[in-house]
Amino acid sequence: MDTIRLYRSTIGKKAVMAVTGAALFLYVVAHMIGNLAVFAGPDALDAYGRWLRDIGVVWPVRVGLLAAVVLHFVAAYQLTARARRARGRYRHRRVVQGSYAARTMRWGGVIIALFVVYHLLDLTVGVLNPNGVPGAIHANVVADFQHWYVVLAYTVAVLALGFHIRHGVWSATQTLGVTTSRVVGLGVAVVVCAGFLSVPFAVFTGLVS
Ligand code: HEM
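Residues numbered from 1 in each chain as written. Predicted model: local features only at pLDDT ≥ 70, side-chain atom pairs only at ≥ 80, totals over all residues.

### Some words on the overall build of the chain
Move 1: Along the chain, the regular secondary structure elements total eight helices and zero strands.
Move 2: Seen in sequence order, the chain has helices and strands lined up from the N terminus as α-α-α-α-α-α-α-α.
Move 3: Taking the principal axes of the C-alpha coordinates as reference, the chain spans close to 60 × 40 × 35 Å.
Move 4: When each of the 209 residues of the chain is scored for burial, the buried share is 21%.
Move 5: Look at the contacts in the chain between residues 6 or more apart in sequence, and 63% of them connect residues 24 or more apart. (Helix = DSSP H or I, 4+ residues; strand = E, 2+ residues; numbered from the N terminus. Buried ≥ 20, exposed ≤ 12 C-beta atoms within 10 Å, placed from the backbone. Contact = placed C-beta atoms within 7 Å.)

Next comes the structure, spelled out in structure tokens:
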């Protein structure tokens, strides 16, 4: 009963956003580090993918990610609707769309969600991949990033993710009383973006083949 009441409150929804955001962030960091196996030679990335399947983490992680994404989205939507309702009659005076950060988070979230759908069809299911052979992760990745438009799509999505993380980390560190500085969020976002983008650009420039 208390849990339901807490979830209905604004602070409860913000807590849900923070906890699910932190879980998604941990996944993103682990995924970014795992991707760097592409630099260890053609077989390393495939072996890493096989190992993840063998130890049985793939499906539990998928279920957890799906739950986190749904909760994160629903809480964000409800908080936006609540803020809009609270502004109520003042709305006609000026088109109030919320702060720059709130707007960036909303549109960034939409771009990331659309990217994840494309990304799953590209590298998990393989139907949108120029190679698309199950288990041939390295070959699929290399086939993808020969094309400038695929590199561009990934770059836009990773930069959107970077902005999202920058604000998310800043929000979380502020809430937890760690720091009010924006430098930590910016630093974390730059590292995550650089790590992810190193893969498409290494393939596109021929460093990885
Ligand atoms: C340049 C950047 C990226 C590369 C090269 C990359 C690479 C890959 C590859 C190769 C897979 C398939 C793994 C397998 O079949 O075992 C995969 C799956 C996945 N990636 Fe990425 N990824 C990138 C960015 C991202 C980003 C930014 C996100 C999240 C916002 C993301 C989320 C996922 C998810 C959710 C899966 C599905 C995992 C599963 O099958 O359970 N990826 N990625």
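Still more to cover.
### What about the environment of G185?
Move 1: Note that G185 resides in helix α8 (residues 183-204).
Move 2: Between the alpha carbons of G185 and R166 there is a distance of 4.3 Å; along the sequence they are 19 residues apart.

### Side note on the packing of helix α5 (residues 100-124) against helix α7 (residues 148-175)
Move 1: Across the interface, α5 lies against α7 with an axial gap of 9 Å and an inter-helix angle of 140°. Comparing their axes, α7 and α5 come out oblique. The handedness of the crossing between α5 and α7 comes out as left-handed. Between α5, through A101, T104, M105, G108, G109, I111, I112, F115 and Y118, and α7, the contact on the second element is made entirely by A153, A157, A160, L161, F163, H164 and H167.
Move 2: A breakdown of the residues in the contact of α5 with α7 according to their chemical character gives eleven nonpolar, five polar and no charged. (Axes fitted to C-alpha atoms, helices over the stretch in contact; angles between N-to-C directions. Parallel < 35°, antiparallel > 145°, perpendicular 65-115°, else oblique. Left-handed = near helix turned anticlockwise from the far one by under 90°. Nonpolar A, V, L, I, M, F, W, Y, C, P; charged D, E, K, R; others polar.)

### Here we look at the site of the ligand
Move 1: Around the ligand, 23 residues are found, and the nearest of them are G49, L123, T124, F196 and V199.
Move 2: Those elements that provide at least two residues to the shell around the ligand are α2 (10-35), α4 (58-87), α5, α6 (137-144), α7 and α8.
Move 3: A total of six residues in the shell around the ligand trace back to one element, the largest contributor, which is α5.
Move 4: Per-class residue counts for the shell around the ligand are 17 nonpolar, five polar and one charged. (Near = placed C-beta within 6 Å.)

### Considerations on α7
Move 1: In a regular helix each residue adds 1.5 Å, so 28 residues correspond to 40 Å; α7 covers 40 Å between its end C-alpha atoms and thus fits that length.
Move 2: Note on α7: the residue one or two positions beyond its end, G177, has a positive phi of about 75°. (Expected span 1.5 Å × (residues − 1).)

### Some details on α8
Move 1: With 22 residues, α8 extends 31 Å between its outermost C-alpha atoms, agreeing within 8% with the 32 Å of an ideal straight helix rising 1.5 Å per residue.
Move 2: The principal kink in α8, of about 35°, is found at S198, preceding the proline P200 by one to four residues.
Move 3: Residues G185, A189, V192, C193, F196, V199, P200 and V203 constitute the buried set of α8.
Move 4: Once α8 ends, the next one or two residues include G206, with phi positive near 85°. (Bend = angle between axes of the 7 residues up to and from the residue.)

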